[in-house]
Amino acid sequence: MLVNPGKSYRGRNSAVTYSAYAHRVFKAIQVGDMRQAKSIQKLILKSTAARLLAVRQVSQLNTGKKTPGIDGEKDLTFEERFSLSEELGRHGSNWQHQGLREIPIPKKDGTKRILKVPTLGDRAWQCLAKFALEPAHAAAFHARSYGFRTGRSAHDAQKILFLNLKSDRNGKHKRVIELDIEKWCDSLSAESRQKPVHKHSSQDS
């Protein structure tokens, strides 16, 4: 009998299992045990729970779930979701990405930008890799870093600013430093961007 990856009870069990793995990766990075962290990351990539969560995320939860890639696949049935999870289990360590579907999007100035859409299978594999990498990077980030982090938002940053800028906190003399690093990010080479990823990735061991 096939198990439906979309069933809520299975989703809860998978989330609990993955959370336990993620917590172990987080703690291992915090204490500097890279070998242990990478070992658990490999377990995540092979984990049925993580695979089911990845498939559910891209095929049922994400806003682009109805946008097909070059293979035309969308609106997967639960049998197809289960099959995709099994495929991730068989080929997760040597996944071969398919091409990108290019969709022209009109801009206000009359030009067009090209939106490149991967297949649902590629999106599921990317999500699975994210599950393995995310807890390691979360442990390395600054405690007061809020941008593009799971479970954090601009509201959290606003709260910290409010609490620390109050007149009864940290004395009367305070400074707010605003930096625009957009152009600085554009100047970074691909190699320099990839270094932090490789540092906390199980794929380079």
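Residues numbered from 1 in each chain as written. Predicted model: local features only at pLDDT ≥ 70, side-chain atom pairs only at ≥ 80, totals over all residues. Heavy atoms only, no water.

Structurally, Arg 81 is set in helix α4 (residues 78-91). Nearest to the buried, unbridged Arg 81 among oppositely charged side chains is Glu 80, at 7.1 Å. Within the structure, the side chain of Arg 81 is placed 2.8 Å from the backbone oxygen of Leu 76, a separation counted as a polar contact. (Helix = DSSP H or I, 4+ residues; strand = E, 2+ residues; numbered from the N terminus. Buried < 20%, exposed > 50% of the residue type's maximum accessible area, 1.4 Å probe, protein only. Lys, Arg positive; Asp, Glu negative; His and termini not counted. Salt bridge = Lys/Arg side-chain N within 4 Å of Asp/Glu carboxyl O. Polar contact = N/O pair within 3.5 Å; in protein donor to acceptor, adjacent residues only side chain to side chain.)

A separate point is the pairing of strand β1 (residues 101-106). As paired strands, β1 and strand β2 (residues 112-117) are joined by six bridges and run antiparallel to one another. Its bridge partner lying in β2, Pro 104 is registered against Ile 114. Between β1 and the antiparallel strand that follows it, β2, lie five residues; Gly 110 among them carries a positive phi value of about 95 degrees. (Pairing = 2+ DSSP bridges.)

Put simply, the protein has an average pLDDT of 87, and 92% of its residues get 70 or more. Between the elements of the protein, mean pLDDT differs from a low of 74, seen in helix α7 (residues 182-186), to a high of 96, seen in helix α3 (residues 48-61). (pLDDT = per-residue confidence, 0-100.)

Moving on, we come to the packing of α3 against helix α5 (residues 120-140). Helices that pack against each other are described as a pair by the angle of their axes relative to one another and the distance between those axes. Running from amino to carboxyl end, α3 crosses α5 at an angle of 130 degrees, the nearest separation of the two axes being 8 Å. Here α3 lies oblique to α5, going by the angle between them. In terms of crossing hand, the pair formed by α3 and α5 is right-handed. Contacts between α3 and α5 involve Ala 50, Arg 51, Leu 53, Ala 54, Val 55, Gln 57, Val 58 and Ser 59 from the former and Leu 120, Arg 123, Ala 124, Cys 127, Leu 128 and Phe 131 from the latter. Residue classes in the contact of α3 with α5 are distributed as 10 nonpolar, two polar and two charged. (Axes fitted to C-alpha atoms, helices over the stretch in contact; angles between N-to-C directions. Parallel < 35°, antiparallel > 145°, perpendicular 65-115°, else oblique. Left-handed = near helix turned anticlockwise from the far one by under 90°. Contact = heavy atoms within 4.5 Å. Nonpolar A, V, L, I, M, F, W, Y, C, P; charged D, E, K, R; others polar.)

The next thing to look at is the layout of surface pockets. Of the voids in this model, the largest pocket is the one considered here, and its volume is about 460 Å³. Every residue lining the largest pocket is counted, 14 residues in all, and those nearest its centre are His 137, Ala 138, Phe 141, Phe 148 and Arg 149. Among the secondary structure elements, those contributing two or more residues to the lining of the largest pocket are α5 and α8 (190-199). Of the residues forming the lining of the largest pocket, the biggest block, four residues, is contributed by α5. Taken together, the residues that form the lining of the largest pocket break down as six nonpolar, four polar and four charged. Of the voids in this model, the second largest pocket is the one considered here, and its volume is about 270 Å³. Asp 71, Glu 73, Leu 84, Glu 87 and Gly 121 are, among the 14 residues lining the second largest pocket, the residues nearest its centre. Those elements that provide at least two residues to the lining of the second largest pocket are α4 and α5. (1 Å grid on protein atoms, 1.4 Å probe; cavity = no way out; pocket = protein on both sides within 12 Å on 5 of 7 lines; lining within 4 Å. Points joined across faces, edges and corners; volume = space filled by probe spheres on them.)

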